[in-house]
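Residue-level structural notes
Below are the chains, spelled out letter by letter.
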Amino acid sequence: MPSRTIDRVRDHYLIERKLADRLRDAPEDQRSTVYGEVYDELFRSVPDHPQLSIDHRVRERHVLAKLRFVSRFLTKDSCLMEIGAGDCLFSINAAPRIRRGVVVDVSKVIVAAAEEVANLDIVITDGVSLPVEPGSVDVAYSDQLMEHLHPDDAVAQLQNVARAIRPGGVYVCITPNRLSGPHDVSRGFDEVATGFHLREYTGREIRALFLAAGFRRVDFYIGDRGYYMRIPAVLALRAESLFEHVPKAIRAHIPVVPQYLLFGLNVVATR
């Protein structure tokens, strides 16, 4: 699909921001329903949405790079749980390397591809609960999920993830850093995310959330394309703190890619 004009991007932004406000304001007992409604309305209203025209080859390269990173935590006996599985391409590629996989999403239609893989189980959730046996998962994984959760649901969802993971197991969580954002359609319009990234976090905030949810250790990794290096949390958070104190006017002129490589949140939380 050709690049969109600034007018089409602005139209997308206005539609998504209105729908995101509706989701932010939804009562807790209605959020799971509203979540599906606003996404359906977005894709109907924005037919040129980038997510509707993803190049399959680009998507597969992205998935294989992430799997290269996550594979260091997997064995042939592992149970892997992917949260927010979407097209299930990650779990489908991981399936030959593991004993069992669990794909978790809010819609069975979205994850239908997993039905064709013998060692993948489908679990449908309301976006917060995780109806899996406690301690049954060795490795949990999500990519670009945390920022889409309603902030009031984040701790409860993380507590459910921690409950599902066995002691010593890990949750690999990849999410953008607020300091280099916004990372949704509101980039260029607002200073903080106002679209379907309901909240973007810093590393310090993510670490506090994970520890409050019951994880005993939180590590950070830097890198790209599947090649990552663990760095001490104290160093990662110190670098983030220094970056946060750089004036926004200067930060705005730092290219996005270096910011992503250094401060993109590749988090591995140990249960």
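All figures in this text were calculated on a predicted structure; none of them were measured in a lab.

With that settled, the discussion passes to the packing of aromatic side chains. What the rule picks out here adds up to 13 aromatic pairs. One aromatic cluster is present, built from ring pairs that chain together Tyr35, Tyr39, Phe43 and Phe196.

What follows deals with helix α5 (residues 154–164). Taken together, the buried positions of α5 are occupied by Ala154, Gln157, Leu158, Asn160, Val161, Ala162 and Ala164. The inward-facing, buried residues of α5 contact β1 (79–83), β4 (137–143), β5 (165–175) and α6 (203–213).

Tracing the backbone through its elements, the reader meets Gly223 in strand β6 (residues 217–224). Here Gly223 is in contact with Tyr228 and Leu261, once residues within four sequence places are set aside.

Attention now goes to the nonpolar core. Taken as a class, soluble globular proteins show a tendency for nonpolar side chains to be buried jointly. Counting residues in each nonpolar core, the largest one holds 36 residues, and the members touching the most others are Met81, Met146, Tyr171, Phe210, Phe215 and Phe220. Apart from residues lying up to four places away in sequence, Met146 is in contact with Ala154, Leu158, Cys173, Thr175, Arg199, Tyr201, Ile206 and Leu209. Residues Leu80, Tyr141, Tyr221 and Tyr228 belong to the second largest nonpolar core, which totals 18 residues.

Right, let's get into the packing of α5 against α6. Packing of α5 against α6 brings their axes to within 8 Å, and their N-to-C directions diverge by 55 degrees. When the axis of α5 is compared with that of α6, the two are oblique. As α5 packs across α6, the resulting crossing turns out to be right-handed. Counted together, Val155, Leu158, Gln159 and Ala162 of α5 and Leu209, Phe210, Ala212 and Ala213 of α6 form the full contact between these two elements. Here the contact of α5 with α6 is composed, by residue class, of 7 nonpolar, 1 polar and no charged.

Time to look at the sheet that holds β1. Note on sheets: strands pair through backbone hydrogen bonds, and any given pair is parallel or antiparallel. Spatially, 8 strands are ordered β3-β2-β1-β4-β5-β8-β6-β7 in an open sheet, and the strand pairing comes out mixed. Among the strands making up the open sheet, the edge pair consists of β3 (120–124) and β7 (227–231). If you compare each strand with its neighbour and ignore which way they point, the axes differ by 20 degrees on average. In the sheet, β6 pairs with β7 via 5 bridges, with the strands oriented antiparallel. What sits directly across from Phe220, in β7, is Ile231. α6 rests against β5, β6 and β8 (265–270) of the sheet, and its axis sits at about 140 degrees to β6. Relative to the sheet, helix α7 (residues 233–244) contacts β6, β7 and β8, its axis offset from that of β6 by approximately 65 degrees.

Here we come to the pattern of salt bridges. A side chain of one charge can pair with a side chain of the opposite charge if their charged atoms are brought near each other. Inspection of every chain in the model, using the stated rule, returns 18 salt bridges. Its salt-bridge partner being Arg10, residue Asp7 comes within 3.1 Å of it at the nearest N-O pair. Taken as a pair, Asp7 and Arg10 lie in helix α1 (residues 6–24) at a separation of 3 residues, close to a single helical turn. Classification of Arg10 as partly exposed rests on a relative accessible area of 35%. Linking Glu37 and Arg22 is a salt bridge whose minimum nitrogen-to-oxygen distance equals 2.8 Å. Linking Glu37 in helix α2 (residues 31–45) with Arg22 in helix α1, this pair joins segments that are 15 residues apart in sequence.

Criteria and cut-off values
- Residues numbered from 1 in each chain as written.
- Predicted model: local features only at pLDDT ≥ 70, side-chain atom pairs only at ≥ 80, totals over all residues.
- Heavy atoms only, no water.
- Phe/Tyr/Trp six-rings, centres within 6.5 Å; stacked < 30°, edge-to-face > 60°.
- Buried < 20%, exposed > 50% of the residue type's maximum accessible area, 1.4 Å probe, protein only.
- Helix = DSSP H or I, 4+ residues; strand = E, 2+ residues; numbered from the N terminus.
- Contact = heavy atoms within 4.5 Å.
- Core = buried A, V, L, I, M, F, W, Y, C linked by side-chain atoms within 4.5 Å.
- Axes fitted to C-alpha atoms, helices over the stretch in contact; angles between N-to-C directions.
- Parallel < 35°, antiparallel > 145°, perpendicular 65-115°, else oblique.
- Left-handed = near helix turned anticlockwise from the far one by under 90°.
- Nonpolar A, V, L, I, M, F, W, Y, C, P; charged D, E, K, R; others polar.
- Pairing = 2+ DSSP bridges.
- Salt bridge = Lys/Arg side-chain N within 4 Å of Asp/Glu carboxyl O.

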